[in-house]
Amino acid sequence: MRIATYNLRYDSMPDNITVQQSLASLPDPLQQYAFYAKTGEQPWSTRRIKVFEHLEHERIVLAGFQEALVRQVTDLAELLGDGWGWVGLATKPTTCRDS
């Protein structure tokens, strides 16, 4: 069983780009992605594709995320599809959500 843990980091630069828009803007798969060469903080709309690709490539079956906002978890749920589920505990108990 392959298990991973990620610190997704707070989305300090929200840009309202949807998952579908991120997928539609991916470059030719035979060319290196431009965001690999970027340094410093990157918006979640850029990072989510890399996290998804890593989970898929490594065949992770159980993943833990730290500092994940609900929108980050739902983005990953959309990318990973119906075969994945999630359980979450927020830092404020009134905002907990299990799915």
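The structure displayed is predicted, hence computed values, not measured ones.

## Description of the nonpolar core
Judged by nonpolar contacts, the single largest core of 13 residues is most densely connected at L8, V51, L55 and L76. When residues of this core are traced back to their parent elements, those giving at least two are β1 (3–7), α2 (44–57) and α3 (70–80). No other element matches the five residues that α2 contributes to this core. Residues within four places of V51 in sequence aside, it is in contact with L8, W44, F65 and L76.

## So, the packing of aromatic side chains
Tallied over the full model, the rule gives one aromatic pair. Between Y6 and F65 the ring centres are 5.8 Å apart and the planes differ by 25 degrees, which places this aromatic pair in the stacked class. Here F65 lies in strand β2 (residues 62–66) and Y6 lies in strand β1, a separation of 59 residues in the sequence. By relative accessible area, which is 15% here, Y6 ends up buried.

Analysis parameters
Residues numbered from 1 in each chain as written. Predicted model: local features only at pLDDT ≥ 70, side-chain atom pairs only at ≥ 80, totals over all residues. Heavy atoms only, no water. Core = buried A, V, L, I, M, F, W, Y, C linked by side-chain atoms within 4.5 Å. Buried < 20%, exposed > 50% of the residue type's maximum accessible area, 1.4 Å probe, protein only. Helix = DSSP H or I, 4+ residues; strand = E, 2+ residues; numbered from the N terminus. Contact = heavy atoms within 4.5 Å. Phe/Tyr/Trp six-rings, centres within 6.5 Å; stacked < 30°, edge-to-face > 60°.

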